[in-house]
Amino acid sequence: MTSAIQAEGLAKQFGETKALTSVDLQVPAGTVLGLLGPNGAGKTTAVRILTTLLRPDAGRALVMGHDVAKDPERVREIIGLTGQYAAVDEHLTGTENLIFLARLLGFTRARSRAVAADLLERFGLADAADRSAKTYSGGMRRRLDLAACLVAEPQVIFLDEPTTGLDPNARDQLWEIIRDQVRRGSTVLLTTQYLEEADQLADDIVVIDHGSVVAQGTPQTLKREFGRPTLEVRPVHHEQLDRVADVVADVAGERTVEGRAVKTRVHDATVLPAVVRRLDEAGIEVAELSVREPSLDEVFKQLTVTGAEV
Ligand SMILES: Nc1ncnc2c1ncn2[C@@H]1O[C@H](COP(=O)(O)OP(=O)(O)O)[C@@H](O)[C@H]1O
Ligand SMILES: [Mg+2]
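As recorded by an unreviewed UniProt entry, the chain carries the name ABC-type xenobiotic transporter and is attributed to Streptomyces mimosae. Of the comments in the UniProt record for the chain, the one headed Subcellular location (unreviewed entry) reads "Cell membrane". In UniProt, the chain has this text filed under Sequence similarities (unreviewed entry): "Belongs to the ABC transporter superfamily. Drug exporter-1 (DrugE1) (TC 3.A.1.105) family."

See the structure below:
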């Protein structure tokens, strides 16, 4: 499969701050890469390098085969970028914003109108098309921002924290639009601090922290590799909690007591029969016994445990 984005050894330092330390990325065409990391991890720095806005100190990046440092004009022709903060002109209406951009790209007046109307319709902004953007809600602005980035029909789209600060409804709408855009064949690199977002949208995830890649894989492999399932046992009789804890520790090696339950991390669900048998032998009645798969959130916390900058 051809790579839409390929980066090797990207590094960038601001004064004493190492924003990126030798980051490699590979995004096959037509897929979504989720670049995941806490505040200050280096996500925006990576996006700025890949979108030709910033030169790396070291490393190389190609977008659709074009070198971002050697051929930035060519790269700019084929990419779209929406920033962390919506960047539409708020004094113009939705329609005017898009027509303005289309005219800048050299589209005819008629084509500009058609493109604007089409995008506003697709993004659920048709009713607000003739209102100035300053009257738009946060979610509407982000959608307009994304629509603006799509006027030029970019092959590769960079979305820097597209849903940060949006309410769940607005976020869901934006997710659906992004999915639709991918179905139309675009390649997307999106940065996010939200595991759920990466899980929902990304084919592959690269987790960065303090400028370095700390993990990568599909959402499923990351969960499998880094998150172990949790076994939880709650006895019917609270007095038996200590004995439950002993049994669990015996079988699984470690345990914590939380409220009325005993919990432990296990490698897989195969310890379950052993725990059941031992509890039964000990005559302990169980109110609840479960093995819960790790959430991507737990994986993320584990990976970035050194602490995010605030
Ligand atoms: N222009 C800059 N000047 C100085 N430091 C910067 C600059 N841009 C980013 N940084 C620093 O680099 C690190 C990575 O920042 P950034 O890429 O914006 O992270 P993220 O987007 O993941 O929150 C942070 O410590 C940030 O303070
Ligand atoms: Mg950022």
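**Topic: the domain arrangement of the chain**
Taken domain by domain, the chain comprises domain 1 (3–222) and domain 2 (228–293). With centres defined by C-alpha atoms, the gap from domain 1 to domain 2 works out at 46 Å.

**Considerations on the packing of aromatic side chains**
Within this structure, the stated rule accounts for 0 aromatic pairs. Seen from the ring of Phe107, Arg111 lies directly overhead, with NZ or CZ sitting 3.9 Å from the centre.

**Quick word on a nonpolar patch on the surface**
A grouping of Val276, Val286 and Leu289 is seen on the molecular surface, where their side chains present a nonpolar patch of about 190 Å² in accessible area. Within the element layout of this structure, Val286 appears in strand E14 (residues 286–292).

**Some words on the site of ligand 1**
Taken together, the neighbourhood of ligand 1 is formed by 12 residues, with Gly40, Gly42, Lys43, Thr44 and Thr45 sitting nearest. One nitrogen or oxygen atom from the side chain of Lys43 is found 2.8 Å from an oxygen atom belonging to ligand 1. Burial of ligand 1 by the protein amounts to 66% of the accessible area it has alone, namely 560 Å². Those elements that provide at least two residues to the shell around ligand 1 are strand E2 (17–28) and helix H1 (43–50). Here the shell around ligand 1 gets 3 residues from one element, more than from any other, and that element is H1. Of the residues assigned to the shell around ligand 1, the class counts are 4 nonpolar, 6 polar and 2 charged.

**Things to note about the pairing of strand E10 (residues 212–217)**
Summarising the sheet, strand E9 (residues 204–209) and E10 pair through 5 bridges and their orientation is antiparallel. The residue of E10 that forms the bridge with Val206 is Gln216. With antiparallel pairing between neighbouring strands as the criterion, E9 and E10 make up a hairpin whose turn holds 2 residues, including His210 at a positive phi of roughly 50°.

**Details of the layout of surface pockets**
A volume near 450 Å³ is recorded for the largest pocket. Leu81, Leu101, Leu104, Ala148 and Cys149 are the residues nearest the centre of the largest pocket, which is lined by 22 residues in total. Of all elements in the fold, only helix H2 (72–78), strand E6 (79–82), helix H3 (94–104) and helix H5 (138–150) reach the threshold of two or more residues within the lining of the largest pocket. Space inside the second largest pocket adds up to approximately 250 Å³. Lining of the second largest pocket is provided by 13 residues; of these, Arg122, Leu150, Glu153, Gln181 and Arg184 occupy positions nearest its centre.

**What to know about the packing of H3 against H5**
Interaxial distance between H3 and H5 falls to 9 Å at its minimum, and their mutual angle equals 20°. One way to sum up the angle between H3 and H5 is to call them roughly parallel. Note on packing geometry: the crossing formed by H3 with H5 is right-handed. Residues Gly94, Asn97, Leu98 and Leu101 of H3 form the contact with H5, whose own contacting residues are Leu144, Ala147 and Ala148. For the contact of H3 with H5, the per-class residue count stands at 5 nonpolar, 2 polar and no charged.

**Re the sheet that holds strand E8 (residues 187–192)**
Two pairing modes exist for strands in a sheet, parallel and antiparallel, and in both the strands are linked by backbone hydrogen bonds. The sheet built from 6 strands is open, its strands ordered E6-E7-E8-E3-E9-E10 with mixed pairing. Each of the sheet's edge strands pairs with one partner strand only, and the pair in question is E6 and E10. Direction aside, neighbouring strands of the sheet carry axes that sit 15° apart on average. Bridge analysis of strand E3 (residues 32–36) against E8 gives 5 bridges, and the strand direction is parallel. Looking across to E8, one finds that Leu36 is bridged to Thr192. Sitting on the sheet, helix H8 (residues 219–226) touches E9 and E10, and the angle it makes with E10 is about 110°. Sheet strands in contact with helix H11 (residues 296–303) are E3, E9 and E10, and its direction is about 35° off that of E9.

**Some points on the environment of Glu285**
If you trace the backbone, Glu285 turns up in the loop between helix H10 (271–281) and E14. With 41 residues separating them along the chain, Glu285 and Val244 place their C-alpha atoms 9.8 Å apart. The residues contacting Glu285, other than those within four sequence positions of it, are Pro235, Val236, His237 and Gln240.

**Here's the deal with the environment of Glu96**
Looking at the element boundaries, Glu96 is found in helix H3. Glu96 gets classed as partly exposed once you look at its relative accessible area, which sits at 40%. When the C-alpha positions of Glu96 and Asp130 are compared, they lie 8.0 Å apart, and in sequence the two are 34 residues distant.

Thresholds, definitions, all that
Residues numbered from 1 in each chain as written. Chains lettered and ligands numbered in written order. Predicted model: local features only at pLDDT ≥ 70, side-chain atom pairs only at ≥ 80, totals over all residues. Heavy atoms only, no water. UniProt positions renumbered as here; feature names shortened; annotations may be inferred. Domains from an automatic or database assignment. Phe/Tyr/Trp six-rings, centres within 6.5 Å; stacked < 30°, edge-to-face > 60°. Lys NZ or Arg CZ within 6 Å of the ring centre and 35° of its normal. Patch = residues over 30% accessible without salt bridge, like charges linked within 9 Å, V, L, I, M, F, W, Y side chains within 5 Å. Areas by Shrake-Rupley, 256 points an atom, 1.4 Å probe, with all protein chains shown as cover. Salt bridge = Lys/Arg side-chain N within 4 Å of Asp/Glu carboxyl O. Helix = DSSP H or I, 4+ residues; strand = E, 2+ residues; numbered from the N terminus. Near = heavy atom within 4 Å. Polar contact = N/O pair within 3.5 Å; in protein donor to acceptor, adjacent residues only side chain to side chain. Nonpolar A, V, L, I, M, F, W, Y, C, P; charged D, E, K, R; others polar. Pairing = 2+ DSSP bridges. 1 Å grid on protein atoms, 1.4 Å probe; cavity = no way out; pocket = protein on both sides within 12 Å on 5 of 7 lines; lining within 4 Å. Points joined across faces, edges and corners; volume = space filled by probe spheres on them. Axes fitted to C-alpha atoms, helices over the stretch in contact; angles between N-to-C directions. Parallel < 35°, antiparallel > 145°, perpendicular 65-115°, else oblique. Left-handed = near helix turned anticlockwise from the far one by under 90°. Contact = heavy atoms within 4.5 Å. Buried < 20%, exposed > 50% of the residue type's maximum accessible area, 1.4 Å probe, protein only.

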